[in-house]
Amino acid sequence: MKAKQPSKALTAPATAATADEAREPVFQDWARFVSFQPRLYFRPQDLDELKRFLTGLQQGLFKPGNLRVLGGLHSCSDICVSDAIVDVSDLPRTIEFNADHSIVTVSANWHLHDFLLALSEHGKSLSATGGTDHQTLAGLISTTTAPATPRYALYDLLEWVEYLTIDEASQSVVEQRVSKTDPAFPAVIGSLGAIGILTKVQFRLIDELYFETIQKIVKIKEVLTDVAQTSQKYDFWRIDWIPDTDEGLLWAATRIPQADPSGDYPADQAENILKFIFNLLDKLESAGPLLDKAMRLIYRGIARTYGETKVSGPLRNMLPVDRRAPLHVAMAEWSFNPADLNNVMERCTEYYQQKGWPNLPIEIELTKTDHYFMSPWNWPGLEYIVKFNFMYLTDISETASEKEDILAHLQGLWDHLKRAAIPFKAHWGKINFMDDQFVNDHFQFDQFKPFIRSMFLNKYLTDRFNPTS
């Protein structure tokens, strides 16, 4: 469909407004689901400049007075939206190893892929990574990004975190360092940007790890009937539940002694074909966020022809498999008790049969639990949780109404699960419908609250925190 031509009767004020909009920075998340224009955008060149800016903000020299900090813009919730934005991209990117390269101290504005590559150059690694490696270290830590495994957490080797915050007594900008033995550590991991700006971190390191990965279509029950057994077989794994079927695309990684240090995935032809067909469908008809007949045929064809892919290489290339995905995806990431796995799948099926299936498969994986106050993986008494990633292809759901349809569809599922009395938590950086009551019931907000600084809050957080209560 051709774009409409502007009217010749365009008035001068409208032209001026259009010109003003063209000069304003517009930020979008990776999924192209969230878009906003801040009134104040600051990109400091060093920490001293950042500290001076925060001091001025604290003293009321700049309006608006609340700000958020940009990471890798991977979050598809409004957690990043603010009238005032600090972009730390231009801060010096530093990295320093000790003598035997067993410890690294690094600025928090490194992107994960670049950081892991720098470790690999010295034959070193972390024990796990998240699923998308464009995120910054600060973003990973602030949202407790978690890998697809019940064995390892991303922060097992994290020694300390430094951040800029406001001292409550003096109301001045100060730099804090919190070590893993500090009682404040559970507030810093998963801090959601609400306590300050993370600037530097230190990790212990291990020798480079290598994995062989496999991707193939299997029956869902082969993987999920006994998740403990599946986890004994694979170090990392997840399965993408193909909409309205009993099949899924299994991705699994098994540690091996050695592999090509530069080993990596080839271009994923199935995903590229999928994007091509979805884009074609969008030109012919509005495919939208929910599964339709044409999409069902596409998935059946891919399931029959996908085959089996085996690849080996270092952890930095094998685990963040989403790096090569050409699709843009809005996602909700909710955690459940593994004992409720079958019930969750039955309730999801029940809801989708009434309201329609998402246009993308549902990722199901296990994640090791933790003890951080605001973490969605903090489930006392459990060793691991089962995580459902509900995904929608936004390449064919770009209009405002289609994005509202995604939110409405997820809101309906959220309410459906609550009515079924199934307990669950939600990842803060992905789509969720938490309010202050939900947060108080499911997180350790009272223990986190003393670390909050109002300067770093936005509407998304205040709606969920109710920090003045």
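Analysis parameters
- Residues numbered from 1 in each chain as written.
- Predicted model: local features only at pLDDT ≥ 70, side-chain atom pairs only at ≥ 80, totals over all residues.
- Heavy atoms only, no water.
- Helix = DSSP H or I, 4+ residues; strand = E, 2+ residues; numbered from the N terminus.
- Polar contact = N/O pair within 3.5 Å; in protein donor to acceptor, adjacent residues only side chain to side chain.
- Contact = heavy atoms within 4.5 Å.
- Pairing = 2+ DSSP bridges.
- Axes fitted to C-alpha atoms, helices over the stretch in contact; angles between N-to-C directions.
- 1 Å grid on protein atoms, 1.4 Å probe; cavity = no way out; pocket = protein on both sides within 12 Å on 5 of 7 lines; lining within 4 Å.
- Points joined across faces, edges and corners; volume = space filled by probe spheres on them.
- Nonpolar A, V, L, I, M, F, W, Y, C, P; charged D, E, K, R; others polar.
- Buried < 20%, exposed > 50% of the residue type's maximum accessible area, 1.4 Å probe, protein only.
- Parallel < 35°, antiparallel > 145°, perpendicular 65-115°, else oblique.
- Left-handed = near helix turned anticlockwise from the far one by under 90°.
- Phe/Tyr/Trp six-rings, centres within 6.5 Å; stacked < 30°, edge-to-face > 60°.
- Lys NZ or Arg CZ within 6 Å of the ring centre and 35° of its normal.

Draft legend 1. Examining the side chain of Thr-105 more closely. By secondary structure assignment, the location of Thr-105 is in strand β7 (residues 103–107). Of the polar contacts made by the side chain of Thr-105, one reaches the side chain of Gln-202; its length is 2.9 Å. Non-local contacts of Thr-105, meaning those with residues more than four positions away in its chain, are made with Thr-94, Ile-95, Glu-96, Trp-160, Lys-200, Val-201 and Gln-202.

Draft legend 2. Looking closely at the sheet that holds strand β4 (residues 68–70). Read from one edge to the other, the open sheet built from three strands follows the order β3-β5-β4, with strand pairing classed as parallel. Each edge of the open sheet carries a strand with a single partner, namely β3 (40–42) and β4. Sheet twist, expressed as the mean angle between neighbouring strand axes with direction ignored, is 25°. Here three bridges tie β3 to strand β5 (residues 84–87), and the two strands are oriented parallel to one another. The residue bridging Leu-40 from the neighbouring strand is Ala-84, located in β5.

Draft legend 3. Representation of the layout of surface pockets. Computed from the structure, the second largest pocket encloses a volume of approximately 390 Å³. Only α12 (400–419) and α15 (459–465) provide two or more residues apiece to the lining of the second largest pocket. Ranked by residue count, the leading element in the lining of the second largest pocket is α15, at four residues. Taken together, the residues that form the lining of the second largest pocket break down as 10 nonpolar, five polar and seven charged.

Draft legend 4. Focus on the sheet that holds strand β17 (residues 329–336). Across the sheet, eight strands lie side by side as β16-β13-β15-β14-β18-β19-β17-β20; this open sheet has antiparallel pairing. Only two strands of the sheet have a single neighbouring strand rather than two, namely β16 (308–314) and β20 (424–426). The sheet shows a mean angle of 25° between the axes of neighbouring strands, taken without regard to direction. Relative to β16, strand β13 (residues 210–219) runs antiparallel, the two sharing seven bridges. Within the sheet, the bridge partner assigned to Phe-211 lies in β16 and is Gly-313. Where α12 meets the sheet, it contacts β17, β19 (384–393) and β20, and its direction lies at approximately 10° from that of β17.

Draft legend 5. Looking closely at empty space enclosed by the protein. Using the criterion set out here, one finds five cavities of 30 Å³ or more in the structure. There is about 430 Å³ of room inside the largest cavity. In terms of lining, the largest cavity is formed by 25 residues, of which the most central are Val-69, Leu-70, Gly-71, Gly-139 and Ser-142. At the level of elements, β4, α4 (137–142) and β11 (197–204) are the ones that each hand at least two residues to the lining of the largest cavity. Classifying every residue of the lining of the largest cavity by side-chain character gives 10 nonpolar, 13 polar and two charged. Put simply, the second largest cavity is a space of about 60 Å³. Lining the second largest cavity are 13 residues, and of these Ala-146, Ala-153, Tyr-155, Asp-370 and Trp-377 lie nearest its centre. Counted by class, the lining of the second largest cavity contains seven nonpolar, four polar and two charged residues.

Draft legend 6. Layout of the environment of Gly-123. By secondary structure assignment, the location of Gly-123 is in the loop between α3 (112–120) and β8 (124–125). Since its relative accessible area comes to 31%, Gly-123 is described here as partly exposed. Considered as a pair, Gly-123 and Ile-197 are 74 residues apart in the sequence and their alpha carbons are 30 Å apart.

Draft legend 7. Focus on the packing of helix α11 (residues 341–355) against α12. Running from amino to carboxyl end, α11 crosses α12 at an angle of 135°, the nearest separation of the two axes being 10 Å. Classified by the angle between their axes, α11 and α12 sit oblique to one another. The way α11 lies across α12 gives a crossing that is right-handed. Across the interface between the two elements, Arg-347, Cys-348, Glu-350, Tyr-351, Tyr-352 and Lys-355 from α11 touch Ala-408, His-409, Gly-412, Leu-413, His-416 and Leu-417 from α12.

Draft legend 8. A look at the packing of aromatic side chains. Summed over all chains, the structure comprises 26 aromatic pairs. Where Phe-336 meets Phe-388, the ring centres are 5.4 Å apart and the plane angle is 75°; that geometry is what we call edge-to-face. In this pair, Phe-336 sits in strand β17 while Phe-388 sits in strand β19, placing the two residues 52 residues apart along the sequence. By the burial criterion, Phe-336 is buried, and Phe-388 matches it. Pairing Trp-428 with Phe-443 gives two aromatic rings, centres 5.3 Å apart and planes at 55°, and the pair type is tilted. With Trp-428 in the loop between β20 and α13 (436–442) and Phe-443 in the loop between α13 and α14 (445–448), this residue pair connects regions lying 15 residues apart in the sequence. Residue Phe-443 is classed as buried on the basis of its relative accessible area, which comes to 6%. An aromatic cluster is present here, built from Trp-334, Phe-336, Phe-388, Phe-390, Trp-414, Phe-424, Phe-433 and Phe-438 joined pairwise through their rings. Residue placement shows Lys-387 over the ring face of Trp-377; its charged tip is 4.7 Å from the ring centre.

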